[in-house]
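Residue-level structural notes
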Amino acid sequence: LTGTAAGSNFWTASLSTNGFADGAYTIAAFANDTMGNINASENITVVFDNTAPAASLETPSNNTFVNTPTNINIALTINDTASKVNSSSINFNINGVNLASTSTTSSANGVRATFLAVGPYSNGQSFTVKVDGKDFAGNAMPSYTWTFSIDTIIPVINNILINDSDMKTRSVDTINVTLNATNS
């Protein structure tokens, strides 16, 4: 890598990070004059980050039901090992409405972003959640999308039938129980 003069005492050089694995690198810079004198090298450590953050561990889980019509904690873990997650870039989109996360908790390689959805919500109401974010290097994570629904109806058991003619249980006995359950 060779520098280019950009002024009387200023030089610039550029380096594409695409061919490097993510991580910390040390760049040594030195200068020489026309007489061949070389200064001691100057070292600087830089972090290359070409990888977008990754998301996992959504809450509530994908394709599940929650049984509360108010105050639903919607959360997602976002990790990035190189430059770390920029928590101010995290955006929740719930049923087409963009919302910022209400809190983030940092961990070694990422954050747990949470949005508190305050109801009331109706039984059977579905939610589609999409989360976007970036790391401090500007790499955008792929949108992470999941769904869940509200189910506040308690199941009802009807028509319990026990097929045991004498209604006595022995050490060797077969009892057939049939029931009808509804979630109406």
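Residues numbered from 1 in each chain as written. Predicted model: local features only at pLDDT ≥ 70, side-chain atom pairs only at ≥ 80, totals over all residues. Heavy atoms only, no water.

Section: the nonpolar core
- Counting residues in each nonpolar core, the largest one holds 21 residues, and the members touching the most others are Ile72, Ile74 and Val131.
- Going through the elements one at a time, strand 7 (72–79), strand 8 (85–94), strand 11 (110–117), strand 12 (126–135) and strand 13 (144–150) are the ones with two or more residues in this core.
- If we ignore the near neighbours within four places in the chain, the residues touching Ile72 are Pro60, Val66, Phe115, Leu116, Ala117, Tyr121, Phe127, Phe148 and Ile150. (Core = buried A, V, L, I, M, F, W, Y, C linked by side-chain atoms within 4.5 Å. Buried < 20%, exposed > 50% of the residue type's maximum accessible area, 1.4 Å probe, protein only. Helix = DSSP H or I, 4+ residues; strand = E, 2+ residues; numbered from the N terminus. Contact = heavy atoms within 4.5 Å.)

Some thoughts on the sheet that holds strand 5 (residues 54–59)
- Within the open sheet, the four strands sit side by side as 5-7-11-10. Their pairing is antiparallel. Since the sheet does not close on itself, it has two edges, and those belong to strand 5 and strand 10 (103–106), each with one partner. Averaged over all pairs of adjacent strands, the angle between their axes in this sheet comes to 20°, without regard to strand direction. (Pairing = 2+ DSSP bridges. Axes fitted to C-alpha atoms, helices over the stretch in contact; angles between N-to-C directions.)

A word on the environment of Ala28
- Inspection of the secondary structure puts Ala28 in strand 3 (residues 23–29).
- Residues Ala28 and Ser171, spaced 143 residues apart in sequence, show a C-alpha to C-alpha distance of 83 Å.
- The contact partners of Ala28, leaving out residues within four places of it in the chain, are Ser41, Glu42 and Asn43.

Description of the side chain of Asp80
- Note that Asp80 resides in the loop between strand 7 and strand 8.
- The side chain of Asp80 is buried and forms no salt bridge, while Lys84, the nearest opposite charge, is found at 6.5 Å.
- Here the side chain of Asp80 touches Ala82 through a polar contact of 3.4 Å, landing on its backbone nitrogen.
- Discounting residues that sit within four places of it in the chain, Asp80 has contacts with Asp49, Thr51, Ala52, Pro53, Val85, Asn109 and Asp135. (Lys, Arg positive; Asp, Glu negative; His and termini not counted. Salt bridge = Lys/Arg side-chain N within 4 Å of Asp/Glu carboxyl O. Polar contact = N/O pair within 3.5 Å; in protein donor to acceptor, adjacent residues only side chain to side chain.)

Topic: a nonpolar patch on the surface
- Taken together, the side chains of Ile157, Ile160, Ile162, Met167, Ile175, Val177 and Leu179 make up a nonpolar region of the molecular surface, amounting to roughly 680 Å² of accessible area.
- Of all elements in the fold, only strand 14 (156–163) and strand 15 (176–182) reach the threshold of two or more residues within the nonpolar patch.
- Take the nonpolar patch: its biggest share by element is three residues, from strand 14.
- As for its position among the elements, Ile162 is in strand 14.
- The class of Ile162 is partly exposed, set by a relative accessible area of 46%. (Patch = residues over 30% accessible without salt bridge, like charges linked within 9 Å, V, L, I, M, F, W, Y side chains within 5 Å. Areas by Shrake-Rupley, 256 points an atom, 1.4 Å probe, with all protein chains shown as cover.)

Here's the deal with the pairing of strand 9 (residues 97–100)
- The pairing of strand 8 with strand 9 spans four bridges and is classified as antiparallel. Paired with Asn93 across the two strands is Asn98, which belongs to strand 9.

Details of unusual backbone geometry
- Following Thr59, the chain continues to Pro60 via a peptide bond in cis, the omega torsion being -10°.
- Structurally, the position occupied by Pro60 is in the loop between strand 5 and strand 6 (64–66).
- With omega at 15°, the peptide bond leading from Gly119 into Pro120 counts as cis.
- Positionally, Pro120 belongs in the loop between strand 11 and strand 12.
- Of note, the phi angle at Leu57 is positive, near 55°, even though the residue is not glycine.
- One can find Leu57 in strand 5.
- In this structure, Lys84 takes a positive phi of about 75° despite not being glycine.

Things to note about the sheet that holds strand 12
- Spatial strand order, 6-13-12-8-9: five strands in an open sheet with mixed pairing. Lying at the two open borders of the sheet, with one neighbouring strand each, are strand 6 and strand 9. The mean angle between the axes of side-by-side strands here comes to 35°, regardless of whether they run parallel or antiparallel.

Some points on the packing of aromatic side chains
- Applying the stated criterion across every chain, the model contains seven aromatic pairs.
- Here Tyr121 and Phe127 contribute two aromatic rings whose centre-to-centre distance is 5.0 Å and whose plane-to-plane angle is 85°, an arrangement assigned as edge-to-face. Like Tyr121, the residue Phe127 is buried in the burial classification.
- Judged by centre distance (4.9 Å) and plane angle (10°), the rings of Phe127 and Phe148 are stacked. A residue pair is termed long-range when its members are at least 10 positions apart, and Phe127 in strand 12 and Phe148 in strand 13 qualify at 21 residues.
- Phe127 gets classed as buried once you look at its relative accessible area, which sits at 3%.
- Grouped by ring-pair contacts, the aromatic residues Phe20, Tyr25 and Phe48 constitute a single cluster. (Phe/Tyr/Trp six-rings, centres within 6.5 Å; stacked < 30°, edge-to-face > 60°.)

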